[in-house]
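In case you want the letters, here they are:
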Amino acid sequence: MMGAESSCSYLPGRTSRMQYRLAISLSAERYEHLLERGWRRFGRTLFRPMCPACSECRSLRIEAARFRPSRSQRRNLSRNTDLTVEIVPASVTTEHLSLYNRYHADMMLRRQWPERSITADEYYESFLDGEFPFSFEFRYRLDGKLVGLGIVDITGRSMSSIYFIHDPQHRDRALGTFSILTELQYAASTGHDWLYMGYYIRDCGSMNYKNRFHPHQLLTAYVDDNAPADWQSV
């Protein structure tokens, strides 16, 4: 299903259009097939960009076994050694909602995001709805308090980093970077080939950080299910 054309949220003056699918459930093998062709998942909704006159959104995946952190990324790991990480099936609690709403209130002030306060039902519909046994979350705690939360799909060969939120009081820790490094460490230790990072946009500051993780690959084109996916190493 093709969505309607709208103003691009990432690049001023551009028009965007998304392709959608709805799924009640997916096998891990089927989901990996879709990830390879640029699909993303939020709850039951799968989507990918099919913009009429722009191809700046490029699916990016990091090769877990070959990844080596840069000097600044090693400093980030050292700065956050006092955090504990728990990997559990994705869920929603009052703790989740409080963290989500604090994060979005901060982003509204700092980056002019639209105002949004989420309820338990809205969180469930956005991130948890459907039967997806590969849906997990990485919980980051400091002295027992939840300061970061990453929703991550974990299949047999791949991982897909879906969404990350953090406590704005700990912005100086660069917890977004730490979450990616933690996911890559987990992927390498468990034999997963790829960490899918969603869409890389070169000229968008909130989306171009993803190319700081090497080695990675970019999908050259969004193809049909029965066509081979072509990934370019960078």
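Note that the structure is a prediction, hence the values are computed from the model and not measured. (Residues numbered from 1 in each chain as written. Predicted model: local features only at pLDDT ≥ 70, side-chain atom pairs only at ≥ 80, totals over all residues. Heavy atoms only, no water.)

**Topic: unusual backbone geometry**
Cis geometry is found at the peptide bond from histidine 214 to proline 215, where omega equals -5 degrees. Here the phi dihedral of aspartate 143 falls at roughly 55 degrees; this positive angle occurs in a residue that is not glycine. Topologically, aspartate 143 is positioned in the loop between strand E8 (135–142) and strand E9 (145–154). Phi is positive for alanine 174, close to 50 degrees, though the residue is something other than glycine. Checked against the element boundaries, alanine 174 lands in the loop between strand E10 (158–166) and helix H5 (175–189). Its relative accessible area of 30% is what places alanine 174 among the partly exposed residues. (Helix = DSSP H or I, 4+ residues; strand = E, 2+ residues; numbered from the N terminus. Buried < 20%, exposed > 50% of the residue type's maximum accessible area, 1.4 Å probe, protein only.)

**Some details on the packing of aromatic side chains**
Under the criterion given, the structure shown has 16 aromatic pairs. Relative to phenylalanine 134, the ring of tyrosine 31 has its centre 4.6 Å away and its plane inclined at 5 degrees; by these criteria the two rings are stacked. Pair noted here: tyrosine 31 is in helix H1 (residues 28–35) and phenylalanine 134 is in the loop between helix H4 (120–128) and E8, with a separation of 103 residues, a long-range link. For the residue pair tyrosine 31 and phenylalanine 134, the accessibility class agrees, reading buried in each case. Judged by centre distance (5.2 Å) and plane angle (35 degrees), the ring pair of phenylalanine 127 and tyrosine 163 falls under tilted. With a gap of 36 residues between them, phenylalanine 127 in helix H4 and tyrosine 163 in strand E10 connect regions that are remote in the sequence. Grouped by ring-pair contacts, the aromatic residues Phe42, Phe47, Tyr100, Tyr123, Phe127 and Tyr163 constitute a single cluster. For the cation-ring pair, arginine 61 lies above tryptophan 194, with the distance from its terminal atom to the ring centre recorded as 3.8 Å. Stacked on the ring of tryptophan 231, the Lys or Arg arginine 61 has its end atom at 4.2 Å from the ring centre. (Phe/Tyr/Trp six-rings, centres within 6.5 Å; stacked < 30°, edge-to-face > 60°. Lys NZ or Arg CZ within 6 Å of the ring centre and 35° of its normal.)

**Observations concerning the environment of glutamate 36**
Take glutamate 36: it is sitting in the loop between H1 and strand E4 (40–42). For the pair glutamate 36 and glutamate 137, spaced 101 residues apart in sequence, the C-alpha separation works out to 21 Å.

**Some remarks on the confidence of the model for the protein chain**
Per-residue pLDDT for the protein chain has a mean of 92; in total, 97% of the residues score no lower than 70. Of all secondary-structure elements in the protein chain, the lowest mean pLDDT belongs to helix H3 (residues 94–111), at 85, while E8 reaches the highest, 98. (pLDDT = per-residue confidence, 0-100.)

**Notes on the sheet that holds strand E6 (residues 58–63)**
Taken together, the eight strands give an open sheet; going across it, the order is E7-E8-E9-E10-E11-E6-E12-E13, and neighbouring strands pair in mixed fashion. In the strand order of this sheet, the two ends are held by strand E7 (84–89) and strand E13 (231–233), each with one partner. Sheet twist, expressed as the average angle between the axes of neighbouring strands with direction ignored, equals 30 degrees. For E9 and E10, the ladder comprises seven bridges, and the chain directions are antiparallel. Its bridge partner being in E10, glycine 150 is matched across the sheet by phenylalanine 164. (Pairing = 2+ DSSP bridges. Axes fitted to C-alpha atoms, helices over the stretch in contact; angles between N-to-C directions.)

**Brief notes about the pairing of E8**
Of all eight residues that make up E8, seven are buried, and the element is covered over most of its length. Alignment of E7 against E8, held across six bridges, turns out to be antiparallel. Its bridge partner being in E8, glutamate 86 is matched across the sheet by arginine 139. Of the strand pairs in this sheet, E8 and E9 are connected by eight bridges, and their pairing is antiparallel. In the strand pairing of E9, leucine 142 is matched with lysine 145. Linking two consecutive strands that pair antiparallel, namely E8 and E9, is a turn of two residues; a positive phi of about 55 degrees is found at aspartate 143 within it.

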